[in-house]
Amino acid sequence: MKAIEVVNVTKHFGNVEALKGVTFSADQGEVLAFLGPNGAGKTTTISIMLGMRAPTGGTVKVYGMDPRVPRARARLGAMLQESDLPATLKVKEAVELFRRLYPRPLPARQVMEMADLMDIAERLCGNLSGGQRRRLSFALSVCGNPDVLFLDEPTVAMDVQSRTAFWESVRQFKTQGKTVILTTHHLEEADALSDRVLVIDQGKVIVEGTPKAIKEQVGGTRIRFHGQVQEQQLRTLPGVTRVNINGVNEVYTRTPEAALREILHHDITDLEVSKASLEEAFLNLTARN
Ligand SMILES: Nc1ncnc2c1ncn2[C@@H]1O[C@H](COP(=O)(O)OP(=O)(O)OP(=O)(O)O)[C@@H](O)[C@H]1O
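Residues numbered from 1 in each chain as written. Predicted model: local features only at pLDDT ≥ 70, side-chain atom pairs only at ≥ 80, totals over all residues. Heavy atoms only, no water.

For the protein chain, an unreviewed UniProt entry supplies the name ABC transporter ATP-binding protein and the organism Deinococcus cellulosilyticus.

### Side note on the sheet that holds strand β11 (residues 240-246)
Taken in spatial order, the four strands line up as β11-β12-β10-β13 in an open sheet, and their pairing is antiparallel. The sheet is open, and its two edges are formed by β11 and β13 (269-275), each paired on a single side. Each strand of the sheet is rotated relative to its neighbour by a mean of 15 degrees, with strand direction disregarded. Bridge count for strand β10 (residues 221-226) against β13 is five bridges, and the pairing is antiparallel. By the bridge assignment for β13, Thr 221 is matched with Lys 275. On top of the sheet, helix α10 (residues 256-263) reaches β10, β12 (248-253) and β13; it is set at about 10 degrees to β10, its chief contact. (Pairing = 2+ DSSP bridges. Helix = DSSP H or I, 4+ residues; strand = E, 2+ residues; numbered from the N terminus. Axes fitted to C-alpha atoms, helices over the stretch in contact; angles between N-to-C directions. Contact = heavy atoms within 4.5 Å.)

### Points about the packing of helix α3 (residues 91-99) against helix α5 (residues 130-142)
Helix-helix packing: each pair is described by the crossing angle between the helix axes and the interaxial distance. Two elements in contact, α3 and α5, have axes separated by 9 Å at closest approach and are oriented at 25 degrees. Our classification of the angle between α3 and α5 gives roughly parallel. Seen from above, α3 lies across α5 with right-handed handedness. Every residue of α5 that contacts α3 at Val 91, Ala 94, Val 95 and Phe 98 is listed here: Leu 136, Ala 139 and Leu 140. Looking at the contact of α3 with α5, its residues break down into seven nonpolar, no polar and no charged. (Parallel < 35°, antiparallel > 145°, perpendicular 65-115°, else oblique. Left-handed = near helix turned anticlockwise from the far one by under 90°. Nonpolar A, V, L, I, M, F, W, Y, C, P; charged D, E, K, R; others polar.)

### Observations regarding helix α1 (residues 42-49)
With respect to burial, α1 is a largely interior element, seven of its eight residues being buried. Those residues of α1 that fall on the buried side of the exposure criterion are Lys 42, Thr 44, Thr 45, Ile 46, Ser 47, Ile 48 and Met 49. (Buried < 20%, exposed > 50% of the residue type's maximum accessible area, 1.4 Å probe, protein only.)

Right under this line is the structure:
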């Protein structure tokens, strides 16, 4: 049975069509990353999967159940973009309090270690830095030992060190056979963590695949060079998905050999050819859409 199954889900907020028929599923033990520009529909999709909002149309199942029923909810954990923390409790007390809400909580020490909170266990929640607050939110989201964990832009406000430690915690969580659904604007985060990426734009899934497949199929190849070539000529090169002219000419193409043959007719210098990164693939996609 699928951990999560979303079929043709739509969501209207008044005149706004936030989701226009979203379909995907997640297997047990899979890490799925949602990428997409601001307003694409990522948070709305998560809130529907969590049973916090009802879809306008379509169906969502968590282990075959409606996410609004308590038995389904008990299997879900969530670290949302904004969460209030009890300011006057110590970090370790907040973890204890949340553990008591669940029938089969993880041991407090395991939760604290997983979220890298041991050093700040005695600190008041109200005195935490932005990154520390995010780590505590992560701890509270895994307290109940959920089978599916939703992380909505989890590493916002974390420094590089905390982010790397956080990625390790997510990987650890996955090794226990758990499913993770994550939204992020850090594309290297999706690349580092996920088995599969879904790109959402304007309420629709526009592409789905492994980070590697997306980079290969959509990102294609980046060709950079100096030289006087008209932008219009670059845009009509074979297989072009995106063009940047900012001191250096940059062309993304799915057919690099054919594009290069034409580029080499011009007087160019400093030629560089490389595979596009996931970030570039993502920009190419949403620019085209
Ligand atoms: N409660 C609401 N009332 C009206 N419109 C809403 C509401 N919630 C979301 N929307 C609209 O639905 C669309 C999708 O929003 P959503 O928050 O799901 O996007 P997102 O992909 O999570 O964006 P971000 O990356 O900025 O968090 C946007 O146009 C947003 O303005």
